[in-house]
Amino acid sequence: MLEARLYLLQRASAMLLAPLVLLHLGLILYAIEGGLSAGEILGRTKGSLFWAGFYGLFVLAAALHAPIGLRNILREWTHWRGRSLDLATGGFALLLLALGLRAVWAVTA
Amino acid sequence: MQDTAETEEMLEVEIWRGAEDGALRTYRVPRRESQTVLDVVTWVQRNAEPALAYRFACRVGMCGSCAMQVNGKPRWTCRTHVAKVAEGGKLRIEPLANLPKIKDLATDMAPFFEKWAEARGRHEPTRTRHEPMAPVSPENPARAAANAGIECINCAVCYAACDVVGWDGSYLGPAALNRAWTLANDERDADRCGVLRAVSQSGGCHTCHSHGSCVEHCPVGINPTAGIAGLKRMTLAALMRGEL
């Protein structure tokens, strides 16, 4: 029941992403408006378990959510179907996860 | 006395002729009071184009065979009055969208009905004909949900109106999923889990975007979008319970 599982995963990750995105946007506004330098930001994120957890969760949810949506869009807009599409979008999920976690590691470790 | 030939109001009617590679052809049809779109098509066949192919049977909105695209929208033509849909005295009548054209206004309905079978649209009985009938309370919420969807006349108007069917040929479509919804809520059905498994395949209920075109166009007032949303909830609950 791949379709039902993907549907559930996409909705669950969306529910998770909604508050995370809002907080992330608020954070950007705060950092920009407050005039924090890159060094000051890194000073707050380095070694912080909270920010590692926050953005780790963000990356995980985005890496689940976006490839499922991309798979749906490709199925509807192109004739691409089947295992090759599943593998390609699965690969895209792994790529997002790897790039995202690398970025989280860079600013929190 | 006035000359009726000169004063008679005429409709300009474009009708699709041929199969996929066909074209629209224009006919002038006398306007009549309380005239339906099916009356117009019938007039053209009897008076101007004897070879015109189209389907109809009951002419009273029960059989579901006369659906066509009228000015770009799918409609049951026997119950669609010209006065309601003619734009500036013009009508454009084409075969139903999202189905292969056979000839003129007749489409191949096989893909539509095959999807009913794919959605496990047949009833699996819990009793034989030798046993007494199952008592079913009409107040039961599941029965009420099923009742809301059982008056479908299989006209394929919803199927022609659905954008997702147009995009994804494997999508079961609103009518087949509405049928599945009525069975999934039928306590007399012996394999309701089988229905949920059938609609959870690729192209099943999770493919629906909830655009609501089916609801907008259904001639008998069924809400397939609500039924499909119900199937999504039901399949997710079954998935959580490990029954899917």
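Bear in mind the structure is a predicted one, so any value in this text is a computation, not a measurement.

## Side note on the sheet that holds strand 1 (residues 10-17) of chain B
All names here are of chain B.
- In space, the five strands of this open sheet follow the order 2-1-5-3-4, with mixed pairing throughout. With partners counted over all chains shown, the strands left at the sheet margins are strand 2 (23-30) and strand 4 (73-76), one partner each. The mean inter-strand angle of the sheet, taken between neighbouring strand axes irrespective of direction, is 35°.

## Overview of the domain arrangement of chain B
All names here are of chain B.
- Looking at chain B, the domain boundaries give domain 1 (4-107) and domain 2 (110-240).
- Once you take the C-alpha centre of each, domain 1 and domain 2 turn out to be 30 Å apart.
- Facing the 15 residues of domain 1 at the interface are 16 residues of domain 2.
- Taken together, the two surfaces of domain 1 and domain 2 that pack against each other cover about 1100 Å², and 70% of this comes from carbon and sulfur.
- The three residues of domain 1 that bury the most area against domain 2 are Pro74, Trp76 and Asn98, which together make up 47% of that side's buried surface.
- Run the count over domain 1 and domain 2 and you get zero salt bridges.
- For the interface between domain 1 and domain 2, the tally reads three residue pairs in polar contact (both at pLDDT 80 or more).
- Those elements that provide at least two residues to the side of domain 1 that touches domain 2 are strand 3 (67-70) and strand 4.
- Per-class residue counts for the side of domain 1 that touches domain 2 are nine nonpolar, four polar and two charged.

## Topic: the interface of chain B and chain A
- Each partner contributes to the interface: chain B provides 18 residues, whereas chain A provides nine residues.
- Overall, the association of chain B and chain A removes approximately 1300 Å² of surface from exposure, summing both partners, and the carbon and sulfur fraction of that is 62%.
- Our enumeration of links across chain B and chain A arrives at two salt bridges.
- Between Arg75 of chain A and Asp168 of chain B there is a salt bridge, with its nearest N and O atoms 3.4 Å apart.
- One can count four residue pairs in polar contact (both at pLDDT 80 or more) joining chain B with chain A.
- The leading source of residues in the side of chain B that touches chain A is helix 11 (residues 224-240) of chain B, at four residues.
- Within the side of chain B that touches chain A, the residues separate by chemical class into six nonpolar, nine polar and three charged.

## Digging into the layout of surface pockets
- Computed from the structure, the largest pocket encloses a volume of approximately 500 Å³.
- In this structure, the largest pocket is lined by 21 residues; those nearest its centre are Leu27, Ile41, Thr45, Trp51 and Tyr55 of chain A.
- Those elements giving two or more residues to the lining of the largest pocket turn out to be helix 1 (2-33), helix 2 (38-45), helix 3 (49-77) and helix 4 (82-108) of chain A.
- Ranked by residues supplied to the lining of the largest pocket, first place goes to helix 1 of chain A with six residues.
- Residue composition of the lining of the largest pocket, by class: 16 nonpolar, four polar and one charged.
- Size it by volume and the second largest pocket reaches roughly 300 Å³.
- In this structure, the second largest pocket is lined by 16 residues; those nearest its centre are Gln10 and Asn72 of chain A together with His206, Thr207 and His209 of chain B.
- Listed by contribution, the elements that provide at least two residues to the lining of the second largest pocket are helix 1 and helix 3 of chain A.
- Top contributing element to the lining of the second largest pocket by residue count: helix 3 of chain A, with six residues.
- Split into classes, the residues belonging to the lining of the second largest pocket amount to five nonpolar, five polar and six charged.

What counts and what doesn't
- Residues numbered from 1 in each chain as written.
- Chains lettered and ligands numbered in written order.
- Predicted model: local features only at pLDDT ≥ 70, side-chain atom pairs only at ≥ 80, totals over all residues.
- Heavy atoms only, no water.
- Pairing = 2+ DSSP bridges.
- Helix = DSSP H or I, 4+ residues; strand = E, 2+ residues; numbered from the N terminus.
- Axes fitted to C-alpha atoms, helices over the stretch in contact; angles between N-to-C directions.
- Domains from an automatic or database assignment.
- Contact = heavy atoms within 4.5 Å.
- Buried area = accessible area lost by both parts, 1.4 Å probe.
- Salt bridge = Lys/Arg side-chain N within 4 Å of Asp/Glu carboxyl O.
- Polar contact = N/O pair within 3.5 Å; in protein donor to acceptor, adjacent residues only side chain to side chain.
- Nonpolar A, V, L, I, M, F, W, Y, C, P; charged D, E, K, R; others polar.
- 1 Å grid on protein atoms, 1.4 Å probe; cavity = no way out; pocket = protein on both sides within 12 Å on 5 of 7 lines; lining within 4 Å.
- Points joined across faces, edges and corners; volume = space filled by probe spheres on them.

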